[in-house]
Amino acid sequence: MPSIRPISDLRNNANEISEYCRKEREPVYITKNGVGDMVVMSIEDYERQQMLLSLYGKLAEAEAEVARGEQGDDFFAFAKKLRENIHGKV
């Protein structure tokens, strides 16, 4: 169940809200005059969400390239090249 708090709680109980977001890994919805105004979430969850959005965008772009018939790199050749680069520098 989502945590919904009035904006006055953000001012008066910021540490409690911050702790809740980090501990529960859930956002807190902030209302202003009874209407949704903003969402507060931990920086870790925000960054994870942004990375997922970026990944989904890249996957959509790759699917569009495949649909257009574009030729990509062979996975096994690409993976071999990556391994050689990593092991060569370690």
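Conventions used here
- Residues numbered from 1 in each chain as written.
- Predicted model: local features only at pLDDT ≥ 70, side-chain atom pairs only at ≥ 80, totals over all residues.
- Heavy atoms only, no water.
- Pairing = 2+ DSSP bridges.
- Helix = DSSP H or I, 4+ residues; strand = E, 2+ residues; numbered from the N terminus.
- Axes fitted to C-alpha atoms, helices over the stretch in contact; angles between N-to-C directions.
- Phe/Tyr/Trp six-rings, centres within 6.5 Å; stacked < 30°, edge-to-face > 60°.
- Buried < 20%, exposed > 50% of the residue type's maximum accessible area, 1.4 Å probe, protein only.
- Patch = residues over 30% accessible without salt bridge, like charges linked within 9 Å, V, L, I, M, F, W, Y side chains within 5 Å.
- Areas by Shrake-Rupley, 256 points an atom, 1.4 Å probe, with all protein chains shown as cover.
- Salt bridge = Lys/Arg side-chain N within 4 Å of Asp/Glu carboxyl O.

Our focus in this paragraph is the sheet that holds strand β1 (residues 3-6). Reading across from one edge, β1-β2-β3 is the order of the 3 strands in this open sheet, with mixed pairing throughout. Each edge of the open sheet carries a strand with a single partner, namely β1 and β3 (35-40). Within the sheet, the average angular offset between the axes of one strand and its neighbour, ignoring direction, is 35°. The pairing of β1 with strand β2 (residues 28-32) spans 4 bridges and is parallel. Within β2, the residue paired with Arg5 across the bridge is Ile30.

Moving on, we come to the pairing of β3. One ladder, built from 5 bridges, connects β2 with β3; its direction is antiparallel. Residue Ile30 lies in a different strand from β3, and its bridge partner there is Met38. In this antiparallel pair of consecutive strands, β2 and β3, the connection spans 2 residues, and Asn33 shows a positive phi of 55°.

Throughout the structure, instances matching the rule amount to 1 aromatic pair. A ring pair is formed by Phe75 and Phe76, whose centres lie 5.4 Å apart and whose planes are at 75°; its orientation type is edge-to-face. We note that Phe75, like Phe76, is exposed.

With that settled, the discussion passes to a nonpolar patch on the surface. A grouping of Leu52, Leu53, Leu55, Tyr56 and Leu59 is seen on the molecular surface, where their side chains present a nonpolar patch of about 490 Å² in accessible area. Checked against the element boundaries, Leu53 lands in helix α3 (residues 43-67).

This part is about the pattern of salt bridges. A complete count under the given rule lists 5 salt bridges for this structure. Glu16 is the salt-bridge partner of Arg5, the closest N and O atoms lying 3.0 Å from each other. Of this pair, Arg5 sits in strand β1 while Glu16 sits in helix α2 (residues 14-24), and the two are 11 residues apart along the sequence. Since its relative accessible area comes to 14%, Arg5 is described here as buried. Here Arg48 and Asp45 are joined by a salt bridge, their closest N and O atoms 2.4 Å apart. Of this pair, Arg48 and Asp45 both sit in helix α3, 3 residues apart, roughly one helical turn. Members of the salt-bridge network, linked through shared partners, are Arg5, Asp9 and Glu16.

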